[in-house]
Amino acid sequence: MHMADALLAPAVAATMYVASGSAAGVSIVNLRKEEATLKEDLKVKLPAMAVMSALVFAGQMVNYTIPGTGSSGHLCGGMMLTGVLGPYAGFLSMIVILAIQCLFFADGGLMALGANVWNMAFYGCFVGYFLIYRPIMQGKLFSAKGGSASVTKSAMRMRIVLASVLGCVLTLQLGALSVVLETSLSGITELPFGGFLVLMQPIHLAIGLIEGLITAAVLVFVYEARPQLLRDVDTAGAVEGKCSLKTTFVILALVVAVIGGGVSLLASGNPDGLEWSLFGNAEEGYSENMGLDEEAYGISSNLADSAASIQEKMAFLPDYAFSKDAENPMGTTVSGLVGSGIVAAFAILTCFIGGYFRKRKLAS
Amino acid sequence: MNKTEKALREIQAMGELAAMDSPIHRLAPLAKLLVTVAYIFVTVSFSKYDMTGLLIMILYPVAGYQLSLIPVYTCFYKLRIVLPLVCAVGIFNPFFDRGIVMTLGTVSISGGVISMLTLLMKGVFCLMASFLLVATTSIEEICHALRQLHVPKILTSLLLLTWRYVSLLLEQVSIMTQSYHLRAPGQKGIHVSAWGSFLGQLILRSMDRAAALYESMELRGFHGDFYYAGQKKMTAASWLYMVVWIGLFILMRAYNLPQILGSLFV
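Residues numbered from 1 in each chain as written. Chains lettered and ligands numbered in written order. Predicted model: local features only at pLDDT ≥ 70, side-chain atom pairs only at ≥ 80, totals over all residues. Heavy atoms only, no water.

Thoughts on the overall build of chain A
- The secondary structure content of chain A amounts to 11 helices and 2 strands.
- Helices (α) and strands (β) of chain A occur, in sequence order from the N terminus, as α-α-β-β-α-α-α-α-α-α-α-α-α.
- Per-residue burial over chain A gives 55% buried out of 364 residues.
- For chain A, the exposed surface amounts to about 15,500 Å²; the carbon and sulfur share of it is 66%. (Helix = DSSP H or I, 4+ residues; strand = E, 2+ residues; numbered from the N terminus. Buried < 20%, exposed > 50% of the residue type's maximum accessible area, 1.4 Å probe, protein only. Areas by Shrake-Rupley, 256 points an atom, 1.4 Å probe, with all protein chains shown as cover.)

Okay, here's the thing in structure tokens:
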């Protein structure tokens with residue numbers, strides 16, 4: 001899901017940088033607050049964050065065989081970091097992982113980093129944690145009837161698995177939706193918005209399910225071995241329940257597969273519904289306001305508006321993205337082609353001259 | 001060779017490139033970082049049909065690679081990651097945008113083809129520019145430049161520390177994968193029965209390692225701050241490099257230079 005620089009218009013990229021930067025600022029402030037309340041020094045946490053992000057980076061390269069198929073899946077980084085480090089430290093760690101991937105492995109662009117952080121880290125760490133992980137872990141789900149205070153181990157396991165799977169599915173869906181929105185707003189692809197969406201969402205549903213299960217397996221292992229490492233896990237008075245780990249997995253995998261399959265069928269079978277919900281008016285047809293008209297998407301929030309106005313003031317070349325350049329002819333004349341030829345020839349010549357001098361330098 | 005080993009080799013190769021010496025390597029990291037960001041910003045801001053105008057942007061990476069003595073082909077290996085996604089998005093353009101924008105002899109070229117080519121060029125150019133930055137600048141220097149731009153200390157320290165640990169954990173994961181596969185021949189990935197324990201064990205050990213690491217850092221006098229000693233300053237050459245390139249980028253964007261150049265001959 002890593003986006004390259006070429007897929008984003010400067011306005012979109014800058015807006016996403018502002019959004020991700022603000023989220024990073026909030027995270028740092030909250031980490032400092034946690035530091036003050038928990039009396040936990042940030043510099044103690046720093047090595048743990050670094051080692052965990054390095055581990056997630058390396059761990060994402062491991063292939064996990066998906067039973068019954070020939071393919072393999074990977075770990076979901078955001079949920080895993082959130083489970084171990086918490087949302088704020090997890091978010092900062094994800095930023096660092098994405099920065100390293102973009103700088104040294106060309107996985108995602110430098111200018112697209114803001115968007116990538118938003119699509120992968122923000123949803124994974126904040127949405128995944130506050131909407132899914134924490135409510136499930138702190139709730140009363142799967143706990144014994146009669147309101148007894150102690151939680152069985154199997155209930156905790158069920159919660160971890162459910163939280164990981166739901167978290168991964170939701171965050172990947174949101175991430176994929178953002179990729180589609182950002183690319184379409186940038187006016188990069190001619191692919192209709194609805195078509196692009198139908199292409200992206202179901203595939204990420206499948207990926208989310210698998211990633212969620214792998215992440216759940218890892219987190220459950222950590223829970224079994226050292227529960228105090230995990231966030232929001234009640235370690236006091238945990239007693240062994242009836243449900244074994246295997247049963248837990250099988251039940252939850254089945255439930256999620258059924259729900260997920262249903263959603264996927266709805267999404268792919270009825271794309272007009274999605275378009276309608278995004279464009280407000282299906283009868284107008286999306287092809288008319290496709291790709292280039294921000295207003296038509298009906299996405300407006302105070303944050304987005306203010307970010308866009310800052311961007312408008314900051315951008316020194318306001319010739320981007322939403323301009324109606326689709327109507328302009330290319331404006332290329334013969335002279336344009338001739339000039340391009342000269343530039344290309346000059347570039348090639350520079351390479352040859354450079355190579356010649358390098359060889360001479362090596363020889364001497 | 002598995003993925004982790006490949007990644008380790010890439011890290012090593014990048015380190016070797018950054019340790020070379022050339023006029024570009026000697027420039028202040030901040031100047032290089034700002035020029036790279038300006039370049040990418042200007043490159044992606046070209047309109048999707050402005051293929052001829054965009055072409056002139058190739059001069060920056062070409063000049064950079066020649067001056068830094070880094071062979072251009074080293075960055076093309078990285079294109080394997082960038083191009084598939086860019087292609088996947090751009091490949092639909094010729095099908096949806098069929099308006100003819102130019103004819104070359106008897107061959108008519110549609111807007112979709114031009115916009116697809118422009119997208120590919122943007123992808124390649126941006127990759128060349130960011131590769132040039134990391135091939136001539138070490139991570140310590142990049143972090144120093146980021147600090148100068150007032151990026152929070154915790155992020156730069158985390159970046160530096162993570163980078164140190166990435167190679168260590170890659171090695172660890174590589175050894176683990178290899179030994180797993182030796183014991184499970186003919187199996188493609190990690191079997192479902194080991195999904196949790198495979199990485200889970202590593203997490204437990206890594207958390208212990210983090211604690212040990214913190215203690216050793218403390219013993220060496222770490223107080224939450226890394227020091228960037230002996231960094232390259234913003235010399236006159238660095239200022240000149242930055243101002244000239246950014247000025248050129250603005251010029252290249254404001255005027256369609258190839259077209260002006262061509263009109264001199266046609």
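Still more ground to cover, so stick around.
Examining the interface of chain A and chain B
- Chain A puts 99 residues into the contact, and the matching count from chain B is 99 residues.
- Here chain A and chain B share an interface that buries about 9,000 Å² over both sides, 80% of which is from carbon and sulfur atoms.
- Along the contact surface separating chain A from chain B lie 1 salt bridge.
- A salt bridge links B:Asp208 to A:Arg226, with the nearest nitrogen and oxygen atoms 2.9 Å apart.
- When residues of the side of chain A that touches chain B are traced back to their parent elements, those giving at least two are helix H1 (10–38), helix H2 (42–59), strand E1 (64–65), helix H3 (77–85), helix H4 (87–105), helix H7 (193–225) and helix H11 (334–363) of chain A.
- Residue composition of the side of chain A that touches chain B, grouped by class: 66 nonpolar, 24 polar and 9 charged. (Contact = heavy atoms within 4.5 Å. Buried area = accessible area lost by both parts, 1.4 Å probe. Salt bridge = Lys/Arg side-chain N within 4 Å of Asp/Glu carboxyl O. Nonpolar A, V, L, I, M, F, W, Y, C, P; charged D, E, K, R; others polar.)

Some words on the environment of B:Thr235
Residues and elements named next belong to chain B.
- The topology assignment puts threonine 235 in the loop between helix H12 (195–219) and helix H13 (236–254).
- Taking the C-alpha atoms as reference points, threonine 235 and arginine 26, 209 residues apart in sequence, are found 9.8 Å from one another.
- A polar side-chain atom of threonine 235 sits 3.0 Å from a polar atom in the side chain of serine 238. (Polar contact = N/O pair within 3.5 Å; in protein donor to acceptor, adjacent residues only side chain to side chain.)

Quick notes on the packing of H11(A) against helix H5 (residues 59–68) of chain B
- It is the contact of H11(A) with H5(B), at a shortest axis distance of 9 Å, that shows an interaxial angle of 5 degrees. One finds that H11(A) runs roughly parallel with respect to H5(B). Between H11(A) and H5(B), the residues in contact are A:Val343, A:Phe346, A:Ala347, A:Thr350, A:Cys351, A:Gly354, A:Gly355 and A:Arg358 and B:Leu59, B:Val62, B:Tyr65 and B:Gln66, respectively.
- Residues belonging to the contact of H11(A) with H5(B) are distributed by class as follows: 7 nonpolar, 4 polar and 1 charged. (Axes fitted to C-alpha atoms, helices over the stretch in contact; angles between N-to-C directions. Parallel < 35°, antiparallel > 145°, perpendicular 65-115°, else oblique.)

What about the environment of A:Leu38?
Residues and elements named next belong to chain A.
- For leucine 38, the position within the fold is in helix H1.
- The exposure class assigned to leucine 38 is exposed, which follows from its relative accessible area of 53%.
- Taking C-alpha positions, leucine 38 is 47 Å from phenylalanine 193, a pair spaced 155 residues apart along the chain.

Comments concerning the confidence of the model for chain A
Residue and element names in this part refer to chain A.
- On average, residues of chain A score 74 in pLDDT, and 68% of them are at 70 or above.
- By mean pLDDT, the top-scoring element of chain A is H4 (91), and the lowest-scoring one is helix H9 (residues 271–279) (37).
- Note on residues 263–300: pLDDT under 50 across the span, and 48 contacts to partners over four residues away in sequence or across chains.
- Confidence drops under a pLDDT of 50 for residues 311–332, and excluding neighbours within four residues, the segment shows 39 contacts in the predicted structure. (pLDDT = per-residue confidence, 0-100.)

Things to note about the state of the cysteines
Residue and element names in this part refer to chain B.
- Inspection of every chain in the model, using the stated rule, returns 0 disulfides over all chains.
- You can see cysteine 87 has no disulfide; the closest cysteine sulfur is in cysteine 126, sitting 15 Å from it.
- Judged by its relative accessible area of 32%, cysteine 87 is partly exposed. (Disulfide = S-S within 2.5 Å.)

Section: unusual backbone geometry
- Within the chain, A:Ala106 stands out as a residue other than glycine whose phi angle is a positive 55 degrees.
- With respect to the helices, strands and loops of the structure, A:Ala106 is situated in the loop between H4 and helix H5 (113–138).
- Phi at B:Leu69 takes a positive value of approximately 60 degrees, unusual for a residue other than glycine.
- Note that B:Leu69 resides in the loop between H5 and helix H6 (73–76).
- B:Leu69 gets classed as partly exposed once you look at its relative accessible area, which sits at 25%.

Details of the pattern of salt bridges
- Inspection of the entire model under this criterion finds 8 salt bridges over all chains.
- Residue A:Glu34 is joined to A:Arg231 by a salt bridge in which the shortest nitrogen-to-oxygen separation is 3.6 Å. A residue pair is termed long-range when its members are at least 10 positions apart, and A:Glu34 in helix H1 and A:Arg231 in the loop between H7 and helix H8 (245–269) qualify at 197 residues.
- Where B:Glu10 meets B:Lys78, a salt bridge forms, and the shortest distance between an N and an O atom there is 2.8 Å. One end of the pair, B:Glu10, is in helix H1 (residues 3–18); the other, B:Lys78, is in the loop between H6 and helix H7 (79–90), with 68 residues separating them in the sequence. Neither B:Glu10 nor B:Lys78 differs from the other in exposure class; each is buried.

A few points about the packing of aromatic side chains
- The full count for this structure, using the stated rule, is 19 aromatic pairs over all chains.
- Plain terms: the ring middles of A:Tyr88 and A:Phe130 are 6.2 Å apart, the flat faces sit at 50 degrees to each other, and that makes the pair tilted. Placement of A:Tyr88 in helix H4 and of A:Phe130 in helix H5 is noted, with a sequence separation of 42 residues between them.
- With 5.9 Å between their ring centres and 80 degrees between their planes, B:Tyr180 and B:Phe198 make a pair best called edge-to-face. Of the two residues, B:Tyr180 sits in helix H11 (residues 153–183) while B:Phe198 sits in helix H12, which places them 18 residues apart along the sequence.
- Owing to a relative accessible area of 14%, B:Tyr180 belongs among the buried residues under this scheme. (Phe/Tyr/Trp six-rings, centres within 6.5 Å; stacked < 30°, edge-to-face > 60°.)

Points about the side chain of B:Ser174
- Mapping B:Ser174 onto the fold places it in helix H11.
- Once residues within four sequence positions are removed from consideration, B:Ser174 is found in contact with B:Asn2, B:Thr4 and B:Glu5.

Things to note about the pairing of strand E2 (residues 107–110) of chain B
Residue and element names in this part refer to chain B.
- Where strand E1 (residues 100–104) meets E2, 4 bridges bridge the pair, whose relative direction is antiparallel. The residue bridging methionine 102 from the neighbouring strand is isoleucine 109, located in E2.
- Two successive antiparallel strands, E1 and E2, enclose a turn made up of 2 residues, where glycine 105 displays a positive phi of approximately 65 degrees. (Pairing = 2+ DSSP bridges.)

Details of the side chain of A:Asn119
- Residue placement: A:Asn119 occurs in helix H5.
- Once residues lying within four places of it in the same chain are set aside, the contact partners of A:Asn119 are A:Met1, A:Met3, A:Thr171, A:Gly175, A:Ser178, A:Val179 and A:Glu182.

Points about a nonpolar patch on the surface
Residue and element names in this part refer to chain B.
- Together, Leu240, Val244, Leu248, Leu251, Tyr255 and Ile260 line one region of the surface with nonpolar side chains, adding up to about 540 Å² of accessible area.
- Per-element tally for the nonpolar patch: the top contributor is H13, with 4 residues.
- Turning to its location among the elements, leucine 240 is positioned in helix H13.
- Looking at leucine 240, the relative accessible area reads 57%, which means it is exposed. (Patch = residues over 30% accessible without salt bridge, like charges linked within 9 Å, V, L, I, M, F, W, Y side chains within 5 Å.)

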